[in-house]
Amino acid sequence: MVQDRPARVERRLSAILAADVAGYSRLMHDDEESTHTKLAALLTNAVNPAIAEHGGRIVKNTGDGFLAEFPSPVKAVRAAVLFQTRITELTIAEAEDRRIAFRVGVNIGDVIVEPHDIFGDGVNIAARLESIAEPGGICISSSAYDQVRGKVGVEFADLGEQSLKNIDRPVRAYVVVRDGSGLGNPTGCARPDPLSPPRLSIVVLPFTNLSGGPEQDYFVDGVTESLTTDLSRISGSFVIGRHTAFSYKGKAIDLKQLGRELNVRYVLEGSVQHSGHRLRVNVQLVDAATRSHLWADRFDKPIADLFDMQDEIVSRLASQLGTELVTAEARRAARAPHPDSMDLYFQGMASVNRGGNPADLSQARKYFERALCLDAGNVEAMVGTAFVDAMRGTSMLTGDRTARLVAAEATLTKVLAYTPNHAGAHCLLGVVQIFTKRAAQGIAECERALLLDRNLASAYVWIGLGKCYLGRAEETEACVMEAFRLSPRDNRAFSWMATAGVAQSYLAADEAAARWFTRSIETNRNVAAFVHFFLAAALAHLGRVEDARASIEAGLAVDPNFTLSHFHASAPMDNPICLVQRMRIAEGLRKAGLPEG
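Remember, predicted model here, so these are calculated numbers, not experimental data.

Remarks on the nonpolar core
Then comes step 1: F207, L227, L268, W462, Y469 and Y506 are the most contacted members of the largest nonpolar core, which has 108 residues in total.
Then comes step 2: Element by element, the count of residues in this core is highest for helix α20 (residues 529–541), at eleven residues.
Then comes step 3: Setting aside anything within four residues of it in sequence, one finds F207 in contact with V220, V223, T224, L227, L268, E269, G270, S271, V272, V281 and V283.
Then comes step 4: Formed by 40 residues, the second largest nonpolar core is a distinct cluster that contains A15, L42, I87 and F156.

Below is the structure:
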């Protein structure tokens, strides 16, 4: 007799998030209807959107909590941080004894899957971790910690081995340490030593309206809110929500105390003054712990459409602040006795931001490689190595140019498989495609990057170059100017000028091309060799043959093997319009004395 085969049990490895409301029974006893209504609102407005945004699903609700499943622990912890922060913002005005606060536990485990539930030790451990978390806190297992460390923009305190109810072996636990809202100490455990605030942690204080008129408040508050949103797009940043920030509006503030209360490293404060037909915005970035000023800027221009001005102000400030925050973090990292993976990443970015000359790029890559040795999953360091390879590949005309571009594309493809919404990775992939005869595809990648981060000024420049390679060089300079509008003092400005010069060379506008190339060289004496060669071609067409020959010599000092044959072979496109335009540039190089090869 043939026996029926037992039903197959479905199993999978999952990140499990367990959450419940602290003191739920007391809250229901005190005010049943109000508690039920507020809990439903928090689930709808904070919890459910955060879980959906990070690819999770709620497996079941438990009356005072829920069980959720995620494809990765990084997504689970990011979702938990997001909804815990949002809940704090939504409930901060309520009396503490009436406030709803979730406790969260996160674990990785091999679970048994049924249509409306999951089972197994992995689930039980997540639930027990949740039970020792503080109200408003997040407690995770060591298996989860190993996967999320350095990837979620928050710090963790090691709680050591914990004996959890009905779990037969001790579990090493870590707790998220962030702000004063309590993402910290677990119930019944000794409070860990205070840790430093998260990297790239900042609060944007409500800007001060110096005009006196309350009718300007909406504009001033709009600048503050929009800047808060834009800064949160910086990869790895932790930005205090606007609801919390606005609770300090109009109050005298001790910035050092504020930093401790919110557990942030940096404070951005500013003022807006409307006088006559002009608008002036002053901002300053302050180190909260030392009260020292790290950076300041002023935005001063004639008043036009206020909404357009608000957008321009916010975009410019967000772009500049991204660089300044990385610089500040790199300074901290340089003082660290035992730098970790992210410390090394920030030092690599500081090297990149010095201007991108070969020595700095080489140093940057060493930092990124050391970062990856400590944490092979450090996405930002992976993007950093791809940036170095891409910049070297795009600036070279001979040597292993193709190999570097291939290496950059392989790294970026891997990054985007794990983090599909990484704006910088999409932009760099677009760059590689533009330089490997896929300009239309590259432009699309850069445009996607801008949808993810509207302040990514360099994306406009690469779009402009891509258009040049598609035979639309007349559109390039406008793209470059848009980048300068967003980031007028960008550390990559020299390369943007060179891009504008290339487009003018393709258009046979030799005077304009020569001006752009000269500005590029004056801005950064370590420009790539091609800038000198393109300048030489423009000068030769203008009849300035001696100056053209001097530019050829300057270019050959950087790349002594370059010849006209290399110029023809390095064409990054097959567009017939561009190929004709390049023939004219080649003739200028010949007049300037470049060897045929």
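Some remarks on the packing of helix α18 (residues 493–506) against α20
Then comes step 1: At a closest axis distance of 10 Å, the pairing of α18 and α20 adopts a crossing angle of 35°. For α18 against α20, the interelement crossing comes out left-handed. Facing A498, V502, S505 and Y506 of α18, the residues of α20 in contact are F530, V531 and F534.
Then comes step 2: For the contact of α18 with α20, the residue count by class is six nonpolar, one polar and no charged.

Some details on the confidence of the model for the protein chain
Then comes step 1: On average, residues of the protein chain carry a pLDDT of 86, and 94% of them reach 70 or more.
Then comes step 2: Within the model, the stretch residues 179–195 combines pLDDT values under 50 with 45 contacts to residues more than four positions away or in other chains.

Here we look at the pattern of salt bridges
Then comes step 1: Following the criterion strictly, the structure yields 36 salt bridges and no others.
Then comes step 2: Close ionic contact of E155 with R199 constitutes a salt bridge, the shortest N to O distance being 3.8 Å. Highlighted residues: E155 in strand β7 (residues 155–162) and R199 in the loop between β8 (171–177) and β9 (201–204), separated in sequence by 44 residues. In this structure, E155 and R199 share a single accessibility class: buried.
Then comes step 3: The residue D340 makes a salt bridge to R199 at a minimum N-O spacing of 2.5 Å.

Focus: the pairing of strand β4 (residues 102–114)
Then comes step 1: Of all 13 residues in β4, ten are buried, a share of seventy percent or more.
Then comes step 2: Here strand β1 (residues 11–21) runs beside β4; their pairing, made up of eleven bridges, is antiparallel. Pairing of D20 across the sheet is with R103, part of β4.
Then comes step 3: Note: β4 against strand β6 (residues 138–141), three bridges, orientation parallel. Counted as the bridge partner of G105 is C139 from β6.
Then comes step 4: Alignment of β4 against strand β5 (residues 117–119), held across three bridges, turns out to be antiparallel.

Considering the packing of aromatic side chains
Then comes step 1: For the coordinates displayed, the defined rule picks out 15 aromatic pairs.
Then comes step 2: Aromatic pair Y345 and F368: ring centres 6.0 Å apart, planes at 35°, arrangement tilted. Linking Y345 in helix α10 (residues 341–353) with F368 in helix α11 (residues 358–374), this pair joins segments that are 23 residues apart in sequence. Summarising the burial analysis for this pair, Y345 and F368 share the class buried.
Then comes step 3: Ring pairs connect the aromatic residues F435, W462, Y469 and Y506, which therefore count as one cluster.
Then comes step 4: Here the guanidinium or amino end of R582 rests over the ring plane of F567, the centre of that ring lying 4.0 Å away.

Re the packing of α10 against α11
Then comes step 1: The contact between α10 and α11 brings their axes to 8 Å, and the two run at 165°. Comparing the axis directions of α10 and α11 gives the class roughly antiparallel. Crossing handedness for the pair α10 and α11: left-handed. On α11, the residues touching S341, L344, Y345, Q347, G348, M349, S351 and V352 of α10 are D360, Q363, A364, Y367, F368, R370, A371 and L374.

Concerning the environment of A459
Then comes step 1: Checked against the element boundaries, A459 lands in helix α16 (residues 457–469).
Then comes step 2: The contacts of A459, once residues within four sequence positions are left out, are C427, C446 and L450.

Some words on the side chain of T385
Then comes step 1: Take T385: it is sitting in helix α12 (residues 379–395).
Then comes step 2: There is a polar contact of 2.7 Å between the side chain of T385 and the backbone oxygen of M382.
Then comes step 3: Those residues in contact with T385 that sit more than four places away from it in its chain are R365, F368, L372 and T411.

Thoughts on helix α4 (residues 121–132)
Then comes step 1: Across its twelve residues, α4 extends 17 Å between first and last C-alpha, which sits within 8% of the 16 Å expected from 1.5 Å per residue.
Then comes step 2: Along α4, the positions that sit buried rather than exposed are G122, V123, I125, A126, L129, E130 and I132.

What counts, and at which threshold
Residues numbered from 1 in each chain as written. Predicted model: local features only at pLDDT ≥ 70, side-chain atom pairs only at ≥ 80, totals over all residues. Heavy atoms only, no water. Core = buried A, V, L, I, M, F, W, Y, C linked by side-chain atoms within 4.5 Å. Buried < 20%, exposed > 50% of the residue type's maximum accessible area, 1.4 Å probe, protein only. Helix = DSSP H or I, 4+ residues; strand = E, 2+ residues; numbered from the N terminus. Contact = heavy atoms within 4.5 Å. Axes fitted to C-alpha atoms, helices over the stretch in contact; angles between N-to-C directions. Left-handed = near helix turned anticlockwise from the far one by under 90°. Nonpolar A, V, L, I, M, F, W, Y, C, P; charged D, E, K, R; others polar. pLDDT = per-residue confidence, 0-100. Salt bridge = Lys/Arg side-chain N within 4 Å of Asp/Glu carboxyl O. Pairing = 2+ DSSP bridges. Phe/Tyr/Trp six-rings, centres within 6.5 Å; stacked < 30°, edge-to-face > 60°. Lys NZ or Arg CZ within 6 Å of the ring centre and 35° of its normal. Parallel < 35°, antiparallel > 145°, perpendicular 65-115°, else oblique. Polar contact = N/O pair within 3.5 Å; in protein donor to acceptor, adjacent residues only side chain to side chain. Expected span 1.5 Å × (residues − 1).

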